[in-house]
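Survey of secondary and tertiary structure
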Amino acid sequence: MDDVVLLSRLQFAVAVLFHFIFVPLTLGLSVLLAWMETRYVTTGDEVYKRMAKFWGKLFLINFTLGVVTGITLEFQFGTNWSRYSTYVGDIFGSLLAIEATVAFFLESTFVAVWAFGWNRLGKKTHCFAIWMVAIASNCSALWIILANGWMQHPVGYVIRNGRAELQDFFAVLTNPYAWGQYAHTILSAWMLASFFVLGISAWHLARKSNGDFFRRCFRMAAPFALICALLTALTGHQQGMAVAKYQPVKLSAMEAQWETQKHVPVHLLQIPDRANKMNSLEALSVPGLMSWMAYGDVNAEIKGLKAFPETDWPPVNTTFWSFRVMVALGVIFILLAGVAFLQRNKEEIGPGIARALVWAIPLPYLGLAFGWTVAEVGRQPWIVHGLMRTTDAVSPVPAGNVVLSLIAFIVVYSLLGLIDIYLLRKYACQGPGR
Amino acid sequence: METYQILQIAWFCLWGLLWAVYFLLDGFDFGLGTLLPFLGKTEEEKRVIYNAAGPYWDGNEVWLISAGGVTFAAFPKAYAVMFSALYAPLLILLFTLIFRAVSYEFRSKETLPGWTQLWDTVQFLGNFLPALLFGVAFANLFRGIPIDQYGIYHGSLIELLNPYGLAGGVFFVLIFALHGALWLSLKSEGGLHTKAVAAAIGLWPIVLIVTLAFLGLTAYYTNLYANYLKYPLLGVAPLLAVVGLLGVRCCLTSGKLLLAWASSGLFIIGVTFFGVLGMFPGMIISSMNPAWTVTAFNGSSSQLTLTIMLGVALVFVPIVICYQFWMYRTFAGPVTHEHLKDEHSY
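Everything in this summary refers to the structure shown in the same document.

1. Comments concerning the environment of Pro 130 of chain B
Residues and elements named next belong to chain B. Mapped onto the secondary structure, Pro 130 falls in helix α6 (residues 115-143). For the pair formed by Pro 130 and Ala 20, sequence separation is 110 residues and the distance between their alpha carbons is 15 Å. If we skip the residues at most four places from it in the chain, Pro 130 touches Phe 30, Leu 93, Thr 96, Leu 97 and Leu 125.

The following block contains the structure:
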C-alpha cells in the first residue's frame, strides 16, 4: 500500500506540475491579449491587431496542452484517489463540476471563436470573444482553487454517512484561505505572462528585428509585470498569515522553526537539519521579523514543529527549501520588473538587461512550481488538512498499474512538452507577420 | 416519493443526457478522424477534414469533462469505482484524447519531412481508439463488471475485451463514422463532398446490421431489457434511435444533409439513453453480486449538493447550449479554399 501511495503522489505531482506549466500563461496572456485587442478596437491602430495575432499564436500553441493536461487531473482523482473521491466528492466534486459547466465551456468555446473568427466576425464581437476567454479562464481558476483551498482549510462540511457532506455552500465559496490563495496564484500567473512577453520582446529588440513592434509590446508589459510582481509578493505575505492562522505546522516547516518561541527572527542564511531536529546554520538574522510576518506583531509567539506530533509534520526539507527558493525568486522578479519598467521608454534597452530578461522567461515557471510545492507538500501528511490523511485516500489499485501509468505520463508529457516548447520558440523567434 | 429520490433520478437522467450530448458532438469529430485516411487523399482534402472539426472539437470535448465532473459531483461513489476499476482502459483513453488534441494543434505548425504524416496517423488513432474504447467501456458497463462490495475490481484488462465489449466498440466506431461522414458532407465541397455522401450511404446498411446485432447481443449478455419490460414507456428511447436511423436513410435519399446529420444525432442520443435507462438505477453494475452494484440511490451525493448542482445545471447548461449554438451558426457552411488560407486554420 505504501508503494501505491508514493507512486500515486508522484504521478499526481507530475500531472499537476506539468499542467501548471501551461495554465498560468493562459491566465495572464489572455488578459494581455484582451487588452491589446481592445486597444485595436478603440484606436484602430493595426499594430495592436498584429500584436494580438502574434501573441495569440503563441497563446493557442500553449492553450491546447493546458486543456488536455487538465483532463488528466479530473481523471486522476478517480483513478488514483478513489477513496478520497468517495469521502469528499460531495463537496470537492461539485466544485469541479461547476468549474466545467460555468467556466470551462465558455473558455473552450470562445477560444475557438477567437482563433477561427478573425475574418468571420466584426471587430467588436471578435474582441468580445477574447474577453470571454480571459474572464472564463480566470473564473475557471477560481473554482479549482476553491476546491484546492478546501483541501487546505476545509469548511462548511459535516461528517455524515461515513463521509464529508456539504452543510454550508456559502462557507465553501467564501473560504478565506482559498481567496487568498486565488489572489496569489492569479497575480503570479499574470506576472509570468508579462515576463514571457518582456523576454520575447527583449530577444527581438536585442536583434533589432521588428523594433517598433516589440518596443510597444515591451512598453505594455513592463508596468504590468512590475505591478503583478509587487502584488504577488503582497498577496504571498497575506497568504503566509493565513497559513500561520490555519496551518501552523506548515508555517513551522516553511521556516524550519523547531522550537516554540516569541520574537522569532528570520535567518537570511539557514540550513535545517531534519535528523537532529535543529538548524545546522542560522546567520544574518533579522530579529522579530518572522513573528511580525506571521502575526503582524514582532513579539508574537510561533509554535515550533516540536509542539506538534511528528506524525503530523510535513516533509521539512522540501517545504523549507521550496519556500526559500520561491521567496528568493519573488525578490528577483520585483527587481527585474523594476529595471524593465525604467527601461520601457528608452530607444534601446541595454544588452545585458535584454539578455537577463530572455533568461528570466523560465524563472516565473520555477517560482510557481515551488509555490505549489510549498502548498501541497506542506499540507502533508494530510490530503484534506486535519480531516483525511493521504495514506487513507489512495485507490485500491495494484502498484504495477500505477508504475506503468507513471512511466507513460513521464514519457508522453516529456515528448509533448518538448514539441510544444520547440514550436513556441519557433513562432516566438519568427516574429509577427506583415 | 421523497424529494431526495426525485433528485437522484433527475441526476441520473442528466448524467445520461450529458453523455448523450457528448457523443452527439464529439462523435462527429471521432468520425472525421476515423475517416481521414479513407477520404482525405490530397493535402487540401485532409485539411478540410481537420478544419471541419476545427472550431468545434475543443468545445465538444468539454461535454466529456462535464460528464466526468457531474459523475464526480452527483455520484462520487460511482465516479470513484468507475475510474479506479477501469484504471487501465480509462488512462489509455485519456492518452488517446491527449494525442488527438495535439494532432489538431501541431500538424500545421511545422514543415519537417514526415511531420504531417505523423500527425495524420495520430489524428486517426486519436479518434478511432477513443470511439472504440468508449464502446468497449459502455458495453461492459451495460453488462456489469466484476467489482466487490468495496468497489474493488477483480478482473483484468483483457476480460473487458469480451465478445460483447468488442461488439460495443465496433458499434460505436461505426455510428460515429456515419455521423462524421454526414458532418463532412456539410462541411466540404466538390469531390470530397461527393465522397463523404457516398461514405454515409455505404456505411448506413452496415450500421443498421451492426445495430440489430448489438441489440440481439444485448438481450443475450445483459439485463437491459428488464427495465423495458417493466416500464414499457421507457421504450421511447430505443424508438427515437430507430426513428433517427431510418431518418438518416430517408434524408440521404432526398438530399437533406443537415437533417440527415440531425437524424444521426437523434440516433446517437436514442442509443445512449437506451443503454443508460436500461441500467437504471444501476450505474456500475457488479457482475459478482447484484447487491454490490453502485446505483443512483446508494452512490449519490447528499441532498444539498444535488439541489445546488441542479440549480447550477438548470441555469448554466441552457446558457452553454445557447452560445455553442451561436458558435455553430457562426462557422456554419463548408470549409472553403479561402478559409484554409487563414493563418489560424489547421
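Read on, since the account is not over.
2. Considering the pairing of strand β2 (residues 163-166) of chain A
Residue and element names in this part refer to chain A. Residue alternation in β2 divides its side chains into two sets, Arg 163 and Glu 165 and Ala 164 and Leu 166, and both sets are buried. The sheet contact formed by strand β1 (residues 157-160) and β2 spans four bridges and is antiparallel. Residue pairing for β2: Ile 159 is matched across the bridge by Ala 164. Here β1 folds back onto β2, and the loop between the two strands holds two residues, one of which, Asn 161, carries a positive phi near 55°.

3. Description of the interface of chain B and chain A
The parts lose accessible area when they come together, and the size of an interface is often stated as this lost area. With 66 residues of chain B at the interface, the matching set in chain A holds 72 residues. Of the roughly 6,100 Å² buried between chain B and chain A, counting both surfaces, carbon and sulfur atoms make up 74%. When the area that chain B buries against chain A is broken down by residue, the three leading residues are Phe 72, Tyr 87 and His 344 of chain B, summing to 12%. Viewed at the interface, chain A and chain B are joined by one salt bridge. Notably, a salt bridge pairs Glu 110 of chain B with Lys 426 of chain A, separated by 3.2 Å at the nearest N-O pair.

4. Some thoughts on the pattern of salt bridges
According to the stated counting rule, one finds 18 salt bridges over all chains in the structure shown. For Arg 389 of chain A, the salt bridge is made with Asp 312 of chain A, and the minimal N-O distance between the two is 2.6 Å. Residue Arg 389 of chain A is found in strand β8 (residues 388-389), and its partner Asp 312 of chain A is found in the loop between β6 (301-302) and α10 (316-343); the two are separated by 77 residues along the sequence. A relative accessible area of 24% means that Arg 389 of chain A is categorised as partly exposed. Classification of Asp 312 of chain A as buried rests on a relative accessible area of 18%. Here Arg 100 of chain B makes a salt bridge to Glu 61 of chain B, at a shortest N to O gap of 2.8 Å. Taken as a pair, Arg 100 of chain B in helix α5 (residues 87-107) and Glu 61 of chain B in helix α3 (residues 57-74) lie far apart in primary sequence, 39 residues in all. The buried category is assigned to Arg 100 of chain B, whose relative accessible area is 0%.

5. Some thoughts on empty space enclosed by the protein
Applying the stated rule across the entire model yields four cavities of 30 Å³ or more. One number sums up the size of the largest cavity: a volume of about 190 Å³. Along the wall of the largest cavity there are 18 residues; nearest its centre are Leu 60, Ala 115 and Phe 116 of chain A together with Glu 105 and Tyr 346 of chain B. When contributions to the lining of the largest cavity are tallied by element, the ones reaching two or more residues are α2 (46-80) and α3 (82-116) of chain A together with α3 of chain B. A breakdown of the residues in the lining of the largest cavity according to their chemical character gives ten nonpolar, three polar and five charged. When its volume is computed, the second largest cavity comes out at roughly 150 Å³. If you trace the second largest cavity, you find 15 residues lining it, with Trp 19, Met 82, Leu 90, Leu 93 and Phe 134 of chain B closest to the centre. Secondary-structure elements contributing two or more residues to the lining of the second largest cavity are α2 of chain A together with α3, α4 (76-85), α5 and α6 of chain B. Of the residues forming the lining of the second largest cavity, the biggest block, four residues, is contributed by α6 of chain B.

6. Let's talk about the state of the cysteines
Taken as a whole and assessed by the stated rule, the structure comprises zero disulfides over all chains. We note that Cys 250 of chain B lacks a disulfide partner, and the nearest cysteine sulfur, in Cys 251 of chain B, lies 6.5 Å from it. A relative accessible area of 51% means that Cys 250 of chain B is categorised as exposed. Left without a disulfide partner, Cys 322 of chain B is nearest to the cysteine sulfur of Cys 139 of chain A, which lies 19 Å away.

7. Section: helix α11 (residues 236-254) of chain B
All names here are of chain B. The end-to-end C-alpha distance of α11 is 26 Å, a good match for the 27 Å that 19 residues give at a rise of 1.5 Å each. For α11, the complete set of buried residues consists of Ala 237, Ala 241, Gly 244, Leu 245, Gly 247, Val 248, Cys 251 and Leu 252. Check the buried side of α11 and you find it contacts α8 (163-187), α9 (190-221), α10 (224-230) and α12 (257-279). Of the residues flanking the end of α11, it is Gly 255, one or two places downstream, whose phi is positive at about 75°.

8. What about the pairing of strand β4 (residues 266-273) of chain A?
Here seven bridges tie β4 of chain A to strand β5 (residues 278-286) of chain A, and the two strands are oriented antiparallel to one another. Bridge pairing links His 267 of chain A to Ser 285 of chain A in β5 of chain A.

9. Some words on the nonpolar core
A general feature of soluble globular proteins is that nonpolar side chains tend to end up buried together. Formed by 266 residues in total, the largest nonpolar core has its most connected members in Trp 55 and Tyr 84 of chain A together with Trp 11 and Phe 134 of chain B. Top contributing element to this core by residue count: α3 of chain A, with 20 residues. The residues contacting Trp 11 of chain B, other than those within four sequence positions of it, are Val 70, Ala 74, Phe 75, Leu 306, Met 309, Leu 310 and Ala 313 of chain B. If you look at the next biggest cluster of nonpolar residues, it comprises 13 residues, including Met 254, Val 264, Ile 302 and Phe 323 of chain A.

10. Details of unusual backbone geometry
With an omega of 5°, the peptide bond between Gln 380 of chain A and Pro 381 of chain A qualifies as cis. Tracing the chain through its elements places Pro 381 of chain A in the loop between α12 (362-377) and β7 (382-384). Cis peptide bonds are those with omega within 30 degrees of zero, and the linkage from Phe 280 of chain B to Pro 281 of chain B qualifies with -5°. One non-glycine residue with positive phi stands out, namely Lys 208 of chain A, at about 55°. Among the secondary structure elements, Lys 208 of chain A is positioned in the loop between α6 (176-206) and α7 (211-246). Phi is positive for His 263 of chain A, close to 50°, though the residue is something other than glycine. Positionally, His 263 of chain A belongs in the loop between β3 (261-262) and β4.

Conventions adopted
Residues numbered from 1 in each chain as written. Chains lettered and ligands numbered in written order. Predicted model: local features only at pLDDT ≥ 70, side-chain atom pairs only at ≥ 80, totals over all residues. Heavy atoms only, no water. Helix = DSSP H or I, 4+ residues; strand = E, 2+ residues; numbered from the N terminus. Contact = heavy atoms within 4.5 Å. Buried < 20%, exposed > 50% of the residue type's maximum accessible area, 1.4 Å probe, protein only. Pairing = 2+ DSSP bridges. Buried area = accessible area lost by both parts, 1.4 Å probe. Salt bridge = Lys/Arg side-chain N within 4 Å of Asp/Glu carboxyl O. 1 Å grid on protein atoms, 1.4 Å probe; cavity = no way out; pocket = protein on both sides within 12 Å on 5 of 7 lines; lining within 4 Å. Points joined across faces, edges and corners; volume = space filled by probe spheres on them. Nonpolar A, V, L, I, M, F, W, Y, C, P; charged D, E, K, R; others polar. Disulfide = S-S within 2.5 Å. Expected span 1.5 Å × (residues − 1). Core = buried A, V, L, I, M, F, W, Y, C linked by side-chain atoms within 4.5 Å.

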